[in-house]
Number of protein chains: 2
Amino acid sequence: MALRVSTSLRLEKRAHQTIHWRRVCLSLEKEQIQMTHQKSHIGPERQQGVQKPYKDMIDITWGDPHRLGMKPISFVRQVIAACLYPELVHNDRFPIDVQLRAQRLLRACEGGSVGAYTATCGIPHVQRNLANFISRRDGGVPSHPENIFISSGSVTALTVRKTLLPHEEGPSKAGILIPVPGFATFHSMLETQGVEMVPYHLCEEEGWALTVEDLRRALQTTRGHCSPRALYIMNPGNPTGYVQSRESIEEVIRFAAEENLFLLADEVYQSNVYAVDREFISYKKVLSEMGPDYSDTVELVSFNSVSKGFMGECGLRGGYMELINLDPEVMGVVYTLFSTLSCPSVIGQIALDIMADPPQPGDPSYPTFSAEVHHNQKTLAHNVRVTQEVLGGLPGVTCQPVMGGFYIFPRLHLPPKAQEQARAAGMEADKLYCHRLLEEEAVYARPGGHYGQKEGTHHVRLCVMTTTENLRELLRRFQAFHLRFMKEFS
Amino acid sequence: MALRVSTSLRLEKRAHQTIHWRRVCLSLEKEQIQMTHQKSHIGPERQQGVQKPYKDMIDITWGDPHRLGMKPISFVRQVIAACLYPELVHNDRFPIDVQLRAQRLLRACEGGSVGAYTATCGIPHVQRNLANFISRRDGGVPSHPENIFISSGSVTALTVRKTLLPHEEGPSKAGILIPVPGFATFHSMLETQGVEMVPYHLCEEEGWALTVEDLRRALQTTRGHCSPRALYIMNPGNPTGYVQSRESIEEVIRFAAEENLFLLADEVYQSNVYAVDREFISYKKVLSEMGPDYSDTVELVSFNSVSKGFMGECGLRGGYMELINLDPEVMGVVYTLFSTLSCPSVIGQIALDIMADPPQPGDPSYPTFSAEVHHNQKTLAHNVRVTQEVLGGLPGVTCQPVMGGFYIFPRLHLPPKAQEQARAAGMEADKLYCHRLLEEEAVYARPGGHYGQKEGTHHVRLCVMTTTENLRELLRRFQAFHLRFMKEFS
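These numbers come from a predicted model, not from an experiment.

All names here are of chain A. Topologically, Ser302 is positioned in strand β7 (residues 300–305). In terms of polar contacts, Ser302 uses its side chain to reach the side chain of Glu267, at 2.8 Å. The residues contacting Ser302, other than those within four sequence positions of it, are Ala265, Glu267, Tyr320, Met321 and Glu322.

Set out below in structure tokens:
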């Protein structure tokens, strides 16, 4: 067994992208691991006639739809392809609205080329479309293009660090309240940026709800230790799948106003809500409706991205943030940061333009577009339901209802013997569980400890934004493994 | 005249992307300015049937070929379009080598899609191709894929800051030697990163050569003031156009070794050398040939990008750096930084792959590819020659020979009266010159002060990586303006 753990530790070390240098060279090794497993996980490459050189490992550590076999949205790819190679604009292969969109976007590019630099915060045309999108989403609440900062992706953490200046050491060191469990990559980003993490717990018993009591409790731990400046919220939640109600958001905003905290609302899963009794409401909208005491004062940054939502285009690198009520000086600091990054990827910007302004009924591309988007939405909702059903039937697993996002984060009630064995190996029981799952079933998932969890509890995060076929195979392996594991340690 | 200066100040304020927040909203205004000028500057949009909505200003402040009307390389755009929309792979519109390349790249993408995240430092397949490219370029000097860090562009400065850690204040604050004149954006990036800039002067009288005497002089200014850790070199130079000889590079490497300085070699213009008696030699190659005392010890980072070179694809955001002899701990720090950026744009990575591994003789795309690249190279060399001829015929202008890069940086010997007038307006005479040039001829160029220059000297940077037609118009306006300006103040 000790051997088995060390083997799977080695496997994880290879497969897992971590921040240590000695792990940099692992990409090649990863392909080798994949070679050792049977091919059963088929991505869109089969449909595209492209053959993958390696055999399958099911890697659900990423919230990356295309990696897990989801297909891109045709309209997105057609428009980008036509912008890249304008000869395609004038052929009948692409619907007329693709051609028109590509022409409009090329007109907005300097020199009519996606190969030219854009303004630091993005193409003004795309900023305007994003502002219109936000305003429509929020039932008419105005959004101003000059508050939209487009980026090539994760400059979030850098921005946070900049906006929290000055960041000294000791009691005046800037602190940021972050959810536990939460998006681990973001947390590790912030750690490298010299910002003090102040964890607040989400309430698992209430479906991972965010409560003001938990925020207050977290704030009390900071006294004399650091100076809390910001509150980071992820809504819909990763890994929890919780979606806040309007009342919950109002409470959080009042709390932020009382405590003079800058609000960072990570809303990248805003169009991935499938609970029948809950819809996404933006912090911006709620804030705007709480009257000038709040709407004119609370500082808010809201994040969104093409990596999630209906297109899942992680590799194109397109995101934006909207800055509300920020001190002009702080805006200047953020702008400086963006200038140092030259300009965001034009291709990511085009994807954002389509996210903001998708085909409408009556457009030639609409039927295909809407069928594809609907298919993805239906698949995600179906996968969540099926996964919850399977998990519900497993001994030692409890799972809160999931309202949105790409993930399910079940609690594992692992047998004492498994916990003893893990302790002996110097790890948490859910880490042992995930090592064994990787080793025995080639399913690569991350344990709860990676995202943070209350002491003594154990979880695993499953990404379910994948094809129905992949999910079926994933659940088959997971179920077989889980039953075996529970039996072995019972 | 005071009015005129203030008008042109206003114009520049509108047109110029700066780091101040109050200038963020200027993009729209910029379009309005452009509207007020006649359309004469035609980019590739005419060929593409795309009409730009605004009239022309010739903006030569950017080293951005497509903005200035240069056409993209077909092979680059075809491969990327086919990767984005794989249906294009299987049609006869694209040559077979485009189809094969797209298939190979898609196999290297997770899930067979450019929409999936890649490894933090890039797709291993692309890293390997870049290593091969570097090794070929350097006559067989080995390059290791794990030393290649692919990025979405300008993380250079951030990396520098990270690699120069710790960076305290006072005499132990990390210092970096930077060229004057130099790439201003890079300098301003570093300034925001808490690194002390230590300028060293390039010798204009010797064609902007980099001399060790000037480096030593710069180093002496740092004693008791900061702790110099790194030496930044741009070869070929921006804005100078100087290309170092092997001997010059050897001298610099010996200096870096003696002074224990980390070498940062910005070599993004490496394939834009047109002097008949000078070829680009990389720092890596020279270092590797200086024997183990140097080749095993001197820390070197070399930068390259698809924004320059033969494709000029600034908007696609693809760059890489190769790290040589770096302390593993420092490599770890750089890797951490890259992890916080998630992953580089997949489209930028594809462009890098093509830069590293372009079509070869015998490939179906080769004739077109090579004709296009040759056309761009010929245009650049022609533009440099013509511009130097025109400048050579103007009173009060001297210009060093230019060997590579996109720019010409002539010295302006401005009349005392112009200098007085500028002083009265609180600016340098070359700034006044550029304001007037913008106001009177709608030519937007930056004065020498933006890049740094010896006190009492004045310059202007002209980007000549544009079409022959644009250049002709640019020189027509520049010449007319210059003669008028010199006459006015004589």
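Another point: the sheet that holds strand β10 (residues 407–408) of chain A. All names here are of chain A. With respect to topology, three strands assemble into an open sheet ordered β10-β14-β13, the strand pairing being antiparallel. Only two strands of the sheet have a single partner each, and these edge strands are β10 and β13 (446–447). Bridge count between β10 and strand β14 (residues 460–463): two bridges; the pairing is antiparallel. Residue pairing in the sheet places Tyr407 in a bridge with Cys463 of β14.

Time to look at the pattern of salt bridges. What the rule picks out here adds up to 43 salt bridges over all chains. Of the charged contacts in the structure, one is a salt bridge between B:Arg67 and B:Asp64, with a shortest N-O distance of 3.0 Å. B:Glu488 is paired through a salt bridge with B:Arg436; the nearest N and O atoms lie 2.5 Å apart. Taken together, the residues B:Glu488 in helix α18 (residues 468–488) and B:Arg436 in helix α17 (residues 429–441) connect sequence positions 52 residues apart. A single salt-bridge network, built from bridges that share partners, covers A:Arg436, A:Glu440, A:Glu441, A:Arg484 and A:Glu488.

To continue, consider the confidence of the model for chain A. Residue and element names in this part refer to chain A. With 84% of its residues at a pLDDT of at least 70, chain A reaches an overall mean of 86. In this model residues 1–55 is a low-confidence stretch, pLDDT under 50, and it forms 121 contacts with partners more than four residues away in sequence or in other chains. Taken together, the chains of this predicted complex give a pTM of 0.89 and an interface ipTM of 0.88.

The subject of this paragraph is the packing of aromatic side chains. Under the definition given, this model contains 30 aromatic pairs over all chains. When the centroid spacing of 4.8 Å and the interplanar angle of 50° are considered together, the rings of B:Phe485 and B:Phe489 count as tilted. Just as B:Phe485 is buried, B:Phe489 falls in that class too. An aromatic cluster of at least three residues, connected via ring pairs, comprises A:Tyr433, A:Phe478, A:Phe481, A:Phe485 and A:Phe489. Geometry around A:Trp62 places A:Arg67 over its ring, the cationic atom sitting 3.8 Å from the centre. The ring centre of B:Tyr407 lies 3.9 Å from the NZ or CZ of B:Arg461, which sits over that ring.

Here we take up a negative patch on the surface. Residues A:Glu205, A:Glu206, A:Glu213, A:Glu247 and A:Glu251 make up a contiguous surface patch of negative charge. Residue placement: A:Glu206 occurs in the loop between β4 (196–201) and α9 (212–220).

Take the packing of helix α15 (residues 366–392) of chain A against helix α18 (residues 468–488) of chain A next. Residue and element names in this part refer to chain A. Contact geometry for α15 and α18: axes closest at 11 Å, N-to-C directions at 15°. By the angle between their axes, α15 is roughly parallel relative to α18. In the crossing of α15 with α18, the sense of the turn from one axis to the other is right-handed. Residues Thr379, His382, Asn383, Val386, Thr387, Val390 and Leu391 of α15 touch α18, and the partners they reach there are Thr468, Leu471, Leu475, Phe478 and Gln479. Along the lines of polarity and charge, the residues of the contact of α15 with α18 split into six nonpolar, six polar and no charged.

What counts, and where the lines are drawn
Residues numbered from 1 in each chain as written. Chains lettered and ligands numbered in written order. Predicted model: local features only at pLDDT ≥ 70, side-chain atom pairs only at ≥ 80, totals over all residues. Heavy atoms only, no water. Helix = DSSP H or I, 4+ residues; strand = E, 2+ residues; numbered from the N terminus. Polar contact = N/O pair within 3.5 Å; in protein donor to acceptor, adjacent residues only side chain to side chain. Contact = heavy atoms within 4.5 Å. Pairing = 2+ DSSP bridges. Salt bridge = Lys/Arg side-chain N within 4 Å of Asp/Glu carboxyl O. pLDDT = per-residue confidence, 0-100. Phe/Tyr/Trp six-rings, centres within 6.5 Å; stacked < 30°, edge-to-face > 60°. Buried < 20%, exposed > 50% of the residue type's maximum accessible area, 1.4 Å probe, protein only. Lys NZ or Arg CZ within 6 Å of the ring centre and 35° of its normal. Patch = residues over 30% accessible without salt bridge, like charges linked within 9 Å, V, L, I, M, F, W, Y side chains within 5 Å. Areas by Shrake-Rupley, 256 points an atom, 1.4 Å probe, with all protein chains shown as cover. Lys, Arg positive; Asp, Glu negative; His and termini not counted. Charge placed at Lys NZ, Arg CZ, Asp CG, Glu CD. Axes fitted to C-alpha atoms, helices over the stretch in contact; angles between N-to-C directions. Parallel < 35°, antiparallel > 145°, perpendicular 65-115°, else oblique. Left-handed = near helix turned anticlockwise from the far one by under 90°. Nonpolar A, V, L, I, M, F, W, Y, C, P; charged D, E, K, R; others polar.

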